[in-house]
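Residues per chain are reported as follows:
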Amino acid sequence: MAEKVKFSVSLDAELGEALRQCAAAEDEQISVVVSRALDQYLDKRRILREGMRAMEEHFDEHGWPTPEERAEASAWVDDLFGETSEKRRSA
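Described in the following lines is the structure provided in the data block. As the structure is a computational prediction, the values presented were derived from the model and not from experiment. (Residues numbered from 1 in each chain as written. Predicted model: local features only at pLDDT ≥ 70, side-chain atom pairs only at ≥ 80, totals over all residues. Heavy atoms only, no water.)

Right, let's talk about helix α3 (residues 67–81) for a bit. It helps to recall that an α-helix has 3.6 residues per turn; residues three or four apart then point in one direction. Across its 15 residues, α3 extends 21 Å between first and last C-alpha, which sits within 8% of the 21 Å expected from 1.5 Å per residue. Where burial is concerned, little of α3 is hidden: 1 out of the 15 residues are buried. Immediately beyond the C-terminal end of α3, within one or two residues, lies G82, with a positive phi of roughly 75°. (Helix = DSSP H or I, 4+ residues; strand = E, 2+ residues; numbered from the N terminus. Expected span 1.5 Å × (residues − 1). Buried < 20%, exposed > 50% of the residue type's maximum accessible area, 1.4 Å probe, protein only.)

If you want it as structure tokens, here you go:
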């Protein structure tokens, strides 16, 4: 069994209640739900960091996009997700 470490965190009341309900619905301890969610979050953040590094390496090797190319790419992503990049960043 892996070594355990205790943390104390504060959550908004609504998020805490949602966490309790999720754990109860899954018939699991809160720590299991939090550990699984945190593991998934950290893995996604790692993938994003690796992707950003790969993009920077590519641009360093092949040249950075022009403002026009960046605007075109941003519009394409906005169409793909159905919302503006500013709205996605604020979420």
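The next subject is the pattern of salt bridges. Scanning the model with the defined rule gives 3 salt bridges in all. In this structure, the salt-bridge partner of E50 is R46, at a minimum N-O distance of 3.0 Å. Of this pair, E50 and R46 both sit in helix α2 (residues 30–62), separated by 4 residues, roughly a single helical turn. Through salt bridges with shared partners, a single network forms among D43, R46 and E50. (Salt bridge = Lys/Arg side-chain N within 4 Å of Asp/Glu carboxyl O.)

Let us look at the packing of aromatic side chains. By the definition in use, this model includes 1 aromatic pair. With 4.9 Å between their ring centres and 45° between their planes, F59 and W64 make a pair best called tilted. (Phe/Tyr/Trp six-rings, centres within 6.5 Å; stacked < 30°, edge-to-face > 60°.)

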